[in-house]
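Here's the letter readout for the chains.
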Amino acid sequence: MKKKNFTQTEYFSKSFKDLSLVDSQINNIEFDGCRFEGCDFSYASLRNCRFIECQFIRCNLSSVNLGFSRFNDVEFIESKLIGINWGNVTWPNFALSAPISFKQCILNDCSFIGLSLTELVMEHCKAHHVDLRDCDFSHAIFTDTDFNHARFGNSNLTNADFSDAINYDIDLMNNQVKGAKFCRFEAVNLLESLGIELID
């Protein structure tokens, strides 16, 4: 992997591949239409940065600090994003849909507490021990995602799509689930929150 120091304050339509940015300090930079492929950002600090219509493909962003950074239409694909507190991001005051999406990513031990990310896409992901409490995920797409030990509580999951998702533990009395889609086999787990005993 190549070491990289960002010397400009703005990058437009640039491609960055196989960069080693472990433990780097990357502050006050705007990336517009950029593509990051195979880059290692683990333990880096990306403070006050702005990412607009960017893609992260097969990147490692584990334990990255995203303090006060902004995202607009950013895709994470086949990337590792372990232990990130997404609450440190500066989110727009008004957004019609979530400004980020995750496809085939590892999101273990992340926190999304209190965020409004309607229409969030989290497809084919591993989301173990993820904190999803007090969130607005209405119309989100969570298809084929593994939510082992993830925490849902007081969240808006209205019209969310959990098709082929597994291992979720959602209290029907403590979350809004009207119109949400669940596979029949996995949906049996939802009845546990109602104290219902199922007999074969």
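Above this note sits the structure.
Residue positions are given per chain, counting from 1 as you read along its sequence in written order. Selection of residues for local features in this predicted model requires a pLDDT of at least 70, selection of side-chain atom pairs for listing and counting requires 80 or more, and totals for whole chains, interfaces and linings are taken over all residues. Hydrogen atoms and water are omitted, and side-chain values are computed over all heavy atoms in the structure.

Moving on, we come to the overall build of the protein chain. When helices and strands are counted, the protein chain shows one helix and 18 strands. Expressed along its principal axes, the backbone C-alpha trace of the protein chain runs to roughly 65 × 35 × 20 Å. Only protein chains enter the area calculation, which uses a 1.4 Å probe; residues under 20% of their type maximum are buried, those over 50% are exposed, and those in between are partly exposed. In the protein chain, which comprises 200 residues, the share counted as buried stands at 47%. Any two residues having at least one pair of non-hydrogen atoms within 4.5 Å are treated as being in contact. Nonlocal contacts in the protein chain, meaning residues at least 24 apart in sequence, comprise 12% of its contacts between residues at least 6 apart. Accessibility throughout is a Shrake-Rupley quantity obtained with a 1.4 Å probe, and a residue counts as covered only by protein chains that appear here. Summed over its atoms, the accessible surface of the protein chain is roughly 10300 Å², and 44% of this surface lies on carbon and sulfur atoms. By the criteria applied, helices consist of DSSP H or I runs no shorter than four residues and strands consist of E runs no shorter than two, each listed in order from the N terminus.

Another aspect to go through is the side chain of D40. Take D40: it is sitting in the loop between β7 (35-37) and β8 (45-47). With no salt bridge to any partner, buried D40 finds its closest opposite charge in K80, at an N-O distance of 8.5 Å. In terms of polar contacts, D40 uses its side chain to reach the side chain of S42, at 2.7 Å. All tallies of charge rest on Lys and Arg as positive and Asp and Glu as negative; His and the ends of each chain are not included. A carboxyl oxygen of Asp or Glu within 4 Å of a side-chain nitrogen of Lys or Arg is what we treat as a salt bridge. N or O atoms within 3.5 Å of each other form a polar contact, as long as, within protein, one can give a hydrogen and the other can take it, and as long as residues adjacent in sequence are counted only when both atoms are side-chain atoms.

A few words now on unusual backbone geometry. Phi is positive for D109, close to 65°, though the residue is something other than glycine. Examined against the element boundaries, D109 turns out to sit in the loop between β13 (100-103) and β14 (121-123). The phi angle at E119 is positive, at roughly 65°, despite the residue not being glycine. Within the secondary structure, E119 is located in the loop between β13 and β14.

Turning next to the environment of D134. Position of D134 among the secondary structure elements: in the loop between β15 (131-133) and β16 (151-153). Linking D134 and N156, residues 22 residues apart in sequence, is a C-alpha distance of 7.7 Å. Every residue in contact with D134, bar those within four places of it in the chain, is listed here: G114, L115, G153, N154 and S155. At 2.9 Å, the side chain of D134 and the side chain of N154 are in polar contact.

Okay, the packing of aromatic side chains next. Each pair of aromatic rings taken from Phe, Tyr and Trp, with Trp reduced to its six-membered ring, is defined by centres within 6.5 Å and is described as stacked if the planes are under 30 degrees apart, edge-to-face if over 60, and tilted in the remaining cases. This structure, assessed with the given rule, holds 33 aromatic pairs. Ring geometry for F16 and F36: centres 5.1 Å apart, planes at 20°, overall stacked. Of this pair, F16 sits in strand β3 (residues 15-17) while F36 sits in strand β7; the two residues are 20 residues apart in sequence, bridging distant segments of the chain. Each member of the pair, F16 together with F36, is buried. Consider the rings of F147 and F152, whose centres lie 5.4 Å apart with planes at 65°: the pair is edge-to-face. Like F147, the residue F152 is buried in the burial classification.

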